[in-house]
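Listed below, chain by chain, are the residues.
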Amino acid sequence: MARIRGRHAARRVATTAAGHRRRSGLRSARYRRGLGGTAVAVVVMAALTASQAPGVELAGDHGSDRPGSAGDRTPGDDDYATELPPLESPHPPGTSEPGGSGDTSGIPSSVLAAYKKAARSLASRTPGCGLRWELLAGIGKVESGHARGGAVDKDGTTLRPILGPVLNGKGFAHIEDTDGGRWDGDTTYDRAVGPLQFIPSTWDRWGADGNGDGRKDPNNIHDAALAAGAYLCADGRDLSSGAGLDRAVLSYNNSSDYLRTVLAWFEYYRKGTHAVPDRDLSVLPTTPGLGEPGGGSSPGAGRGGADPADDRPGKPGKPSKPGKPSAPGKPDKPGNPGEPGGDGKPGDGDDGGKPSPEPTGPHAIERVGAGKFTAIAGEDFAGHPVVKVETAKGKGVKGVRVRFEVRGETGAAFEDGARSTTVTTDAQGNATAPALSAGDRTGSFTVRATVPGKKLGSVDFAASVTAPQADTLARTSDGVLEAGKGGKFTQAVRVKATRKGKAVAHTAVTATFGEGAETGPYFVKDEQGTPIRRLVDLKTDADGVVVLPELFAGDRPGTYTLTLTAEGGASVQVKVTVKG
């Protein structure tokens with residue numbers, strides 16, 4: 001049996017005995033805490049503990065077999081599809097084997113695109129998480145049959161609401177209204193919403209804009225997929241490890257059976273999947289219970305019921321509610337599944353008003369302020385690179401060590417010539433690099449900030465060092481410059497360029513006579529005998545001094561102004577007199 005091995009295979013006999021899944025032509029069943037008091041309900045409830053909504057615990061599985069289980073509140077109710085994938089591996093697209101719309105390995109094209117887009121986005125934002133899109137697909141399959149077989153519009157919004165049972169404490173968690181009915185249409189109690197089944201208070205905390213339309217809508221598959229991915233990656237989880245993956249799924253719905261079902265689909269999709277047309281009923285779970293706009297689960301509704309593309313509310317036979325992802329409450333300490341449920345406000349569940357825990361561990365490192373810095377060779381940079389280490393919800397984390405490193409061929413360095421330094425984040429989670437000296441070498445380099453020991457990615461700051469520019473240009477003497485008409489000046493014009501009192505070597509200087517000097521002093525004549533009264537190829541020497549070439553008086557007596565300008569704008573005016 002190539003499909004389900006390891007921890008899934010070890011539990012298969014018990015699962016089947018409990019009625020979690022039945023083969024041999026019997027339709028799988030979908031169980032929830034709302035089962036009655038029958039003997040079957042007792043057996044099932046002892047074997048299954050679905051996503052424990054706020055403050056609700058049942059006899060049976062309290063998490064003893066799951067890593068880090070804490071019984072925390074989770075995103076929604078316990079209503080989710082328990083159907084497992086086929087035992088046979090899917091046939092990859094492009095083979096001669098079945099692969100049409102009826103193949104269970106297919107995923108509606110719009111929904112598949114949303115899963116992949118969300119995973120790509122999170123790969124750049126939280127590179128240490130290792131989220132695969134197949135995990136989002138596994139959750140989407142279990143929660144809503146991939147938005148009821150891809151029943152979404154061109155923007156990815158479901159054609160009709162996908163709502164979970166009323167969370168009024170009768171068989172499910174007790175969560176009084178937190179959104180004024182905005183998302184679930186219920187102003188008394190909350191209900192899980194959308195293809196990935198967020199309860200409103202959780203969406204308020206984790207909602208995302210995955211399609212760039214400026215809105216965060218739990219009914220939109222792009223928004224919901226990005227929010228679910230961010231929730232799964234919260235608290236610095238590494239989903240490439242088995243323990244990290246288990247904790248992430250359990251944080252979404254704190255049930256070992258939910259974990260087993262989602263991971264079964266996750267592995268199934270990893271073996272091969274392909275896009276099928278939207279609104280394909282074959283991708284819906286065969287178990288009843290997909291979210292209905294009108295109420296709780298409908299035992300008779302399943303695949304082959306109403307067309308999920310039909311957006312008329314209340315149409316008989318429509319698949320019942322998709323199991324709600326327990327409200328992605330924030331994961332707590334490592335080893336504790338986060339609590340997707342609630343928004344952390346007292347009174348959002350039946351737990352006596354105890355606030356939900358916020359994620360406290362470092363989740364990301366972000367740039368604060370400018371990303372580019374420029375300095376003059378030989379001076380310090382005026383600005384400082386600043387980063388913020390934050391939790392999954394953007395709250396700063398105090399006391400995290402951040403390493404700043406100078407990278408590239410440059411003379412720039414921190415204090416005492418160090419090329420790297422470590423700073424601890426302050427109460428706001430900010431780490432500010434110490435003063436950075438530009439050095440004497442011009443050019444560009446990078447300052448990189450990382451959190452050692454954490455897979456949070458890095459933040460780069462672009463830095464450049466430019467040649468010094470003079471802030472002062474002055475004559476080296478105050479001698480009078482005079483010459484007779486037709487003669488030449490015997491005293492050379494000498495000026496010095498400085499910056500903050502220090503000589504600026506090898507900087508460009510121009511020398512120009514102003515208006516009215518057409519027949520006055522000049523430097524040389526060109527090949528045609530035309531006097532040249534502007535020089536642009538002058539450079540200061542190592543001492544910052546430039547000496548002008550010989551200066552001729554010209555034929556017209558008078559006083560003339562010679563303006564010298566250094567690169568950067570510093571200038572000086574020199575008066576020269578031609579006597580008649």
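Residues numbered from 1 in each chain as written. Predicted model: local features only at pLDDT ≥ 70, side-chain atom pairs only at ≥ 80, totals over all residues. Heavy atoms only, no water.

Before we move on, can you summarise the packing of aromatic side chains with the specific residues and values?
Counting across every chain of the model gives 11 aromatic pairs. Considering the side-chain rings of Tyr 268 and Tyr 269, the 6.1 Å spacing of their centres and the 55 degrees angle between planes classify their relative orientation as tilted. When its relative accessible area of 2% is taken as the criterion, Tyr 268 is described as buried. Pairing Tyr 522 with Phe 552 gives two aromatic rings, centres 5.4 Å apart and planes at 20 degrees, and the pair type is stacked. With a gap of 30 residues between them, Tyr 522 in the loop between strand E15 (508–513) and strand E16 (524–525) and Phe 552 in the loop between strand E19 (545–547) and strand E20 (558–566) connect regions that are remote in the sequence. (Phe/Tyr/Trp six-rings, centres within 6.5 Å; stacked < 30°, edge-to-face > 60°. Buried < 20%, exposed > 50% of the residue type's maximum accessible area, 1.4 Å probe, protein only. Helix = DSSP H or I, 4+ residues; strand = E, 2+ residues; numbered from the N terminus.)

Which residues make up the pattern of salt bridges, and what values do they have?
Oppositely charged side chains can form a pair if their charged atoms are brought close together. Counted under the stated rule, the structure contains 13 salt bridges. The shortest N-O distance in the salt bridge between Lys 579 and Glu 482 comes to 2.9 Å. Separated by 97 residues along the polypeptide, Lys 579 in strand E21 (residues 571–579) and Glu 482 in strand E12 (residues 481–484) bring together distant segments of the chain. Classification of Lys 579 by relative accessible area gives partly exposed; the value is 43%. Given a relative accessible area of 38%, Glu 482 falls into the partly exposed group. A single salt-bridge network, built from bridges that share partners, covers Glu 379, Arg 499 and Lys 500. (Salt bridge = Lys/Arg side-chain N within 4 Å of Asp/Glu carboxyl O.)

Lay out the environment of Gly 128 with the relevant residues and their values.
Take Gly 128: it is sitting in the loop between helix H3 (109–125) and helix H4 (133–150). What makes Gly 128 buried here is its relative accessible area of 12%. In this structure Gly 128 touches Arg 237, Asp 238 and Lys 455, once residues within four positions along its chain are discounted. (Contact = heavy atoms within 4.5 Å.)

Explain the side chain of Thr 158 residue by residue, including any values.
Take Thr 158: it is sitting in the loop between H4 and helix H5 (200–206). Owing to a relative accessible area of 11%, Thr 158 belongs among the buried residues under this scheme. A polar atom in the side chain of Thr 158 sits 3.3 Å from the backbone oxygen of Arg 160. (Polar contact = N/O pair within 3.5 Å; in protein donor to acceptor, adjacent residues only side chain to side chain.)

How would you explain the sheet that holds strand E7 (residues 420–424) if you had to name every residue and give the values?
Note on sheets: strands pair through backbone hydrogen bonds, and any given pair is parallel or antiparallel. With mixed pairing, the 5 strands of this open sheet are ordered in space as E4-E10-E9-E6-E7. One side of each edge strand has no neighbouring strand; the edge strands of this open sheet are strand E4 (372–376) and E7. Strand-to-strand twist in this sheet, taken as the mean axis angle between neighbours without regard to direction, amounts to 25 degrees. Both E4 and strand E10 (residues 458–466) contribute to a ladder of 5 bridges, which runs parallel. (Pairing = 2+ DSSP bridges. Axes fitted to C-alpha atoms, helices over the stretch in contact; angles between N-to-C directions.)

Just give me the short version of the packing of helix H7 (residues 242–252) against helix H8 (residues 256–270), but keep the residues and values in it.
Relative to each other, H7 and H8 sit at 120 degrees, their axes nearing to 9 Å. With respect to H8, the element H7 is oriented oblique. Considering how the two elements wind past one another, H7 and H8 form a crossing that is right-handed. Where H7 approaches H8, its residues Leu 245, Asp 246, Val 249, Leu 250 and Tyr 252 are matched on the opposing element by Ser 256, Tyr 258, Leu 259, Val 262, Leu 263 and Phe 266. Classifying every residue of the contact of H7 with H8 by side-chain character gives 9 nonpolar, 1 polar and 1 charged. (Parallel < 35°, antiparallel > 145°, perpendicular 65-115°, else oblique. Left-handed = near helix turned anticlockwise from the far one by under 90°. Nonpolar A, V, L, I, M, F, W, Y, C, P; charged D, E, K, R; others polar.)

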